Amino acid sequence: YHLGAYYKHLEPGFASSGNSLESGSDQSGVNLSLKLTDRDTLRAKFQQVEIEAGATTAGSEETIGTMQWIHQHGWWGLTLEYQGRDFEQYGGDSEKRSIAAADLEVKPIDDLTVNLQHQQTLSGEDNNQSTLGGQYQVHPKVALTASGTTGTDGNAARGGAVFDLDGKKIYV
């Protein structure tokens, strides 16, 4: 098993590369990864973020809890996830949402991976979506990707390529 925890405090007005939106925040969380069997892993994460009110933003508090079960079975795998989110903007809006998601990954041949994913809103504002996608390895260093999504907020299609340059990936 792996167990981790973190705490991060950034003073209001503090800014550096990659965290300018986190100025004036306190962030904390814990995570757990537990290998149940050779094929099954359970992961859980809890995080809390508090942001102080600034000159142009209202303060807020957000709490997110996530639980995930991952099953790998040779040429296929299944991931199931639950997430609960509570968000409150001080003096303003608040939102509670929970979602469940599933991802079935099938590898019928060595060079082809196909994913069928679905996200279902259990409570809160609807954001349901289903995606069918795939990746084909045309060369050891080049893969082609494609996916299509339909959901509450509309439809989308995506295509691209992934280049592997000595372990570093470039997505186009």
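One can find the structure itself at the top, above this paragraph.
The rules behind the values
- Each chain carries its own residue numbering, running from 1 in the direction its sequence is written.
- Local features in this predicted model are restricted to residues of pLDDT 70 or higher, and side-chain atom pairs are both shown and tallied only at a pLDDT of 80 or more, whereas totals for entire chains, interfaces and linings draw on every residue.
- The basis for the side-chain values is all heavy atoms of the structure; hydrogens and waters are excluded.
- Salt-bridge detection follows one rule: a side-chain nitrogen of Lys or Arg within 4 Å of a carboxyl oxygen of Asp or Glu.
- Each patch is built from residues lacking any salt bridge and having more than 30% relative accessible area; the joining distance is 9 Å for like charges and 5 Å for nonpolar side chains (Val, Leu, Ile, Met, Phe, Trp, Tyr).
- For the area figures, the Shrake-Rupley method with a 1.4 Å probe applies, and any residue is considered shielded solely by the protein chains shown.
- For helices the rule is a DSSP run of H or I covering at least 4 residues; for strands it is a run of E covering at least 2, with both sets numbered from the N terminus onward.
- Whenever two N or O atoms come within 3.5 Å, that pair is a polar contact, provided that in protein one can donate a hydrogen and the other can accept it, and provided that, for residues adjacent in sequence, both atoms are side-chain atoms.
- Residue contacts are defined here by distance: any two heavy atoms, one from each residue, within 4.5 Å place the two residues in contact.
- The classification of residues rests on relative accessible area computed with a 1.4 Å probe and restricted to protein chains. Under 20% of the type maximum is buried, over 50% is exposed, and intermediate values are partly exposed.

A. Looking closely at the pattern of salt bridges. In this structure the tally under the stated criterion is five salt bridges. Note that Lys-169 is salt-bridged to Asp-164, the shortest N-O span being 3.7 Å. In the salt-bridge network here, residues are joined through shared partners; they are Glu-62, Arg-85, Glu-95 and Arg-97.

B. Spotlight on a nonpolar patch on the surface. Taken together, the side chains of Tyr-1, Leu-3, Leu-32, Leu-34 and Leu-36 define a hydrophobic patch exposed on the protein surface, amounting to about 540 Å² of accessible area. With respect to the secondary-structure elements, Leu-3 resides in strand β1 (residues 2-10).

C. Quick peek at the side chain of Gln-68. Structurally, the position occupied by Gln-68 is in strand β4 (residues 60-73). There is a polar contact of 2.7 Å between the side chain of Gln-68 and the side chain of Glu-81. Ignoring sequence-local partners within four residues, the contact set of Gln-68 consists of Thr-41, Leu-42, Arg-43, Thr-79, Leu-80 and Glu-81.

D. Region of the structure containing the side chain of His-71. Within the secondary structure, His-71 is located in strand β4. A relative accessible area of 13% places His-71 in the buried class. There is a polar contact of 2.6 Å between the side chain of His-71 and the side chain of Asp-40. Residue contacts for His-71: discarding those within four places in its chain leaves Arg-39, Asp-40, Trp-76, Gly-77 and Leu-78.

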